[in-house]
Amino acid sequence: MSDNKDRLTYRPEPETKQKIERWYQVDNCRSKNEFIEKAVNCYADMLAAGESTTLPRAVQSAIDSRLKLFEDRIASLLYKQAVEMDMAMSIVLQSLNVSEEVLRQERAKSIAAVKRTNGQLRLEQKLRELESEAWQG
């Protein structure tokens, strides 16, 4: 009689029933009840971990720390690149007399070129464009 107190009536949807039928033997379960119990325990453990991910906290923490190191390295490289580019632009502008109007026109051309190539610009492409402009102009 005490067995009946612990019984749970479960009426799965047809799709869920098909999943149970298919996977309980693949998981080497002796019965569908065992499979359902394992599934409930797995899901409950995941909820208890406080995460909606299936990765253990230690693995997620390791991934997060490596990602943080990667982000810091990329930020450092971009900063150094920006400093070098600023230096190069300063030297070029000091050696040439360029008006603001010319700079605005070149910026518009550069924006169009970046959009057209989806940011995949190469010096060779730019040289070909300048040569073709020289032939046309």
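Everything that follows concerns the structure shown earlier in this document.
As a starting point, this report considers the structure included with it. Here the structure is a predicted model, which is why all the values come from computation and not from measurement.

## What to know about unusual backbone geometry
Piece 1. Backbone geometry at N28 places phi at a positive 60°, although glycine is not the residue there.
Piece 2. Within the secondary structure layout, N28 lies in the loop between α2 (14-26) and α3 (32-48).
Piece 3. At N118, a position not held by glycine, the phi torsion is positive, near 55°.
Piece 4. Positionally, N118 belongs in the loop between α5 (100-117) and α6 (123-136).
Piece 5. Of the residues examined, N118 reaches a relative accessible area of 66% and is grouped as exposed.

## Topic: the packing of α2 against α3
Piece 1. Packing of α2 against α3 leaves a shortest axis separation of 9 Å and a crossing angle of 95°. Relative to α3, α2 is oriented roughly perpendicular. For the pair α2 and α3, contact is made by I20, E21, W23 and Y24 and by K32, F35 and I36, respectively.
Piece 2. A class-by-class count of the residues in the contact of α2 with α3 yields five nonpolar, no polar and two charged.

## Thoughts on the environment of K38
Piece 1. Residue placement: K38 occurs in helix α3.
Piece 2. A residue is classified by how much of its surface remains accessible, and K38, at 39% relative accessible area, is partly exposed.
Piece 3. For the pair K38 and D27, spaced 11 residues apart in sequence, the C-alpha separation works out to 9.8 Å.
Piece 4. Not counting chain neighbours up to four residues away, the residues in contact with K38 comprise D27 and C29.

## Details of α5
Helical periodicity: at 3.6 residues per turn, an α-helix aligns residues three or four positions apart in one direction.
Piece 1. A rise of 1.5 Å per residue sets the reference length of α5, with its 18 residues, at 26 Å; its end C-alpha atoms lie 26 Å apart and thus fit the reference within 8%.
Piece 2. One or two positions beyond α5, positive phi appears at N118, with a value near 55°.

## A word on the pattern of salt bridges
Piece 1. Under the counting rule described, the total for this entry stands at nine salt bridges.
Piece 2. Residues R104 and E101 are paired through a salt bridge, measuring 2.8 Å at the closest nitrogen-oxygen approach. Note that R104 and E101 are positioned in helix α5 at a spacing of three residues, about one turn of the helix.
Piece 3. Connected through shared salt-bridge partners, E100, E101 and R104 make up one network.

Reading the values: the criteria
Residues numbered from 1 in each chain as written. Predicted model: local features only at pLDDT ≥ 70, side-chain atom pairs only at ≥ 80, totals over all residues. Heavy atoms only, no water. Helix = DSSP H or I, 4+ residues; strand = E, 2+ residues; numbered from the N terminus. Buried < 20%, exposed > 50% of the residue type's maximum accessible area, 1.4 Å probe, protein only. Axes fitted to C-alpha atoms, helices over the stretch in contact; angles between N-to-C directions. Parallel < 35°, antiparallel > 145°, perpendicular 65-115°, else oblique. Contact = heavy atoms within 4.5 Å. Nonpolar A, V, L, I, M, F, W, Y, C, P; charged D, E, K, R; others polar. Expected span 1.5 Å × (residues − 1). Salt bridge = Lys/Arg side-chain N within 4 Å of Asp/Glu carboxyl O.

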